[in-house]
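Residue-level listing of the chains:
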There are 2 protein chains.
Amino acid sequence: MSEPGLVRGPSVRAVPEGDNRERMICADCGYVLYDNPKIVVGSVPRWGERLLLCRRAIHPRHGYWTLPAGYLELNESTSAGAEREAWEAARAKIAIEGLLAIYDIPRISQVQLIYRARLVDDAVAAGPESLEVGLFGWEDIPWDDLAFPSVRWALHHEQEARQSGDLTTRSAPPLDLAAQLRE
Amino acid sequence: MSEPGLVRGPSVRAVPEGDNRERMICADCGYVLYDNPKIVVGSVPRWGERLLLCRRAIHPRHGYWTLPAGYLELNESTSAGAEREAWEAARAKIAIEGLLAIYDIPRISQVQLIYRARLVDDAVAAGPESLEVGLFGWEDIPWDDLAFPSVRWALHHEQEARQSGDLTTRSAPPLDLAAQLRE
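Residues numbered from 1 in each chain as written. Chains lettered and ligands numbered in written order. Predicted model: local features only at pLDDT ≥ 70, side-chain atom pairs only at ≥ 80, totals over all residues. Heavy atoms only, no water.

Broken down by element type, chain A carries 3 helices and 11 strands. What you see in chain A, going N to C, is helices and strands ordered as β-β-β-β-β-β-β-α-β-β-β-α-β-α. Structurally, chain A occupies a C-alpha span of about 55 × 45 × 30 Å along its principal axes. Across the 183 residues in chain A, those meeting the buried criterion constitute 50%. Taking the contacts inside chain A whose residues are at least 6 apart along the sequence as the reference set, 59% of them involve residues at least 24 apart. By element, 50% of the accessible surface of chain A is carried by carbon and sulfur atoms, the whole surface being about 9,000 Å². Across chain A, the 20 positively charged side chains and the 27 negatively charged ones have centroids separated by 1 Å. (Helix = DSSP H or I, 4+ residues; strand = E, 2+ residues; numbered from the N terminus. Buried < 20%, exposed > 50% of the residue type's maximum accessible area, 1.4 Å probe, protein only. Contact = heavy atoms within 4.5 Å. Areas by Shrake-Rupley, 256 points an atom, 1.4 Å probe, with all protein chains shown as cover. Lys, Arg positive; Asp, Glu negative; His and termini not counted. Charge placed at Lys NZ, Arg CZ, Asp CG, Glu CD.)

Here it is as structure tokens:
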């Protein structure tokens, strides 16, 4: 193995034989990296009228509020991943109810799958990636200190779904807008 | 670069420093592969009462019938990916209507996102990955020659959604069953 300081990994851009797109190839060993979009799984956990948020103890957006969410692991279903993230971030046990939203963020090759969920009980506590966690009524949500735009989208989509009773899966950007943007 | 016959890539299993799971590491160059679940995007394209199917010209399941679907590419939204796959498999132009289903297949670290869609016109033709394509009424679907279980799930989910008017996103395994299996 090379010295740690010399690790390069796939760093040459070229079209592999039999392929039709450029991929990253390792100049040391010839390995072709078939890189893929990443899946983020999460939830909007509800306890009565209140919603669970976590203040981030990690970068990026350290100190800002987010929903429990993170990368799906290998050999994990999306709902199991959302449950795991709720436990890791907030020591929360959740019951998944349905897929609230799918958020496409192609700029960073990310697809976010956010579930509607209810807390099984209100015994929540900061996990290793959170500074603190809290259950917030709608008016008390720290709107100015949310970590990411998709946190705001998910909170509004959850509120809208619950108030209207329309439980179809939301998307961002909305599908009709996405189609227009491609035309 | 090594000789082509000597390419090994990440082939040693170990926990990298600062991580908490085993990852595959390249013994030649030290590169750590953070492998992730893969996203398959597809659609059930409808023309009136008929549904579009494609007979596979590629392995696996060469010669069997499938829906237009495939791996999401980097920097691509899921709906754009579903449109691309419909074009590549069947030269079909589709209008995405909503997310029909999410199928978790953790055994192979795959998440399938299948959209409801209508064909913009019925001018379809086999693309390079298809032997032939066809528009099938429900009774004429080649049920015994479908390529994958998820093709059958998606066809049934589409039919059920259309007949009931319930357009909420389906899942497989169903969410309540998935939760039971983990308990």
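That was the structure; now back to the text.
Two orientations exist for strands paired in a sheet by backbone hydrogen bonds: parallel and antiparallel. All names here are of chain B. The strand order across the open sheet formed by 3 strands is β1-β2-β3, and the pairing between neighbours is antiparallel. Because the sheet does not close on itself, it has two edges, and the strands there are β1 (10-14) and β3 (32-33). With 4 bridges connecting them, β1 and strand β2 (residues 23-26) associate as antiparallel partners. Directly across from proline 10, in β2, lies its bridge partner cysteine 26. (Pairing = 2+ DSSP bridges.)

Pairing between side chains of opposite charge can happen when their charged atoms approach one another. Under the counting rule described, the total for this entry stands at 24 salt bridges over all chains. For arginine 118 of chain A, the salt bridge goes to glutamate 97 of chain A, with nearest N and O atoms at 4.0 Å. Remark: glutamate 97 of chain A occurs in strand β8 (residues 94-105) and arginine 118 of chain A occurs in strand β9 (residues 110-119); sequence separation between them is 21 residues. Judged by its relative accessible area of 40%, arginine 118 of chain A is partly exposed. Judged by its relative accessible area of 33%, glutamate 97 of chain A falls in the partly exposed class. With a closest N to O distance of 3.6 Å, glutamate 49 of chain B and arginine 162 of chain B form a salt bridge. Here glutamate 49 of chain B, found in the loop between β4 (38-47) and β5 (50-56), pairs with arginine 162 of chain B, found in helix α2 (residues 149-164); they are 113 residues apart in sequence, far enough to count as distant. (Salt bridge = Lys/Arg side-chain N within 4 Å of Asp/Glu carboxyl O.)

As a further point, take the nonpolar core. Core analysis: the largest hydrophobic core is formed by 44 residues, its most contacted members being Leu113 of chain A together with Leu113 of chain B. Not counting residues within four places of it along the chain, the set of residues in contact with leucine 113 of chain B comprises Ile102, Val111 and Leu113 of chain A together with Ile39, Val40, Val41, Gly42, Thr78, Leu99, Ala101 and Ile102 of chain B. (Core = buried A, V, L, I, M, F, W, Y, C linked by side-chain atoms within 4.5 Å.)

Attention now goes to the side chain of arginine 23 of chain A. Its place among the elements puts arginine 23 of chain A in strand β2 (residues 23-26). Among the residues examined, arginine 23 of chain A registers a relative accessible area of 12% and is labelled buried. In terms of polar contacts, arginine 23 of chain A uses its side chain to reach the side chain of glutamate 73 of chain B, at 3.5 Å. The contact partners of arginine 23 of chain A, leaving out residues within four places of it in the chain, are Val12, Arg13, Ala14, Pro16, Val32, Leu33 and Tyr34 of chain A together with Glu73 of chain B. (Polar contact = N/O pair within 3.5 Å; in protein donor to acceptor, adjacent residues only side chain to side chain.)

Moving on to the interface of chain B and chain A. At the interface, 50 residues of chain B touch 51 residues of chain A. Together, the buried faces of chain B and chain A total about 4,200 Å²; carbon and sulfur atoms form 60% of this surface. Our count for the chain B to chain A interface comes out at 2 salt bridges. Here glutamate 73 of chain B ties to arginine 23 of chain A by a salt bridge, and the two come within 3.5 Å at their closest N and O atoms. Put simply, chain B and chain A have 11 residue pairs in polar contact (both at pLDDT 80 or more) between them. Elements with a contribution of two residues or more to the side of chain B that touches chain A: β2, β4, α1 (78-90), β8 (94-105), β9 (110-119) and α3 (175-182) of chain B. (Buried area = accessible area lost by both parts, 1.4 Å probe.)

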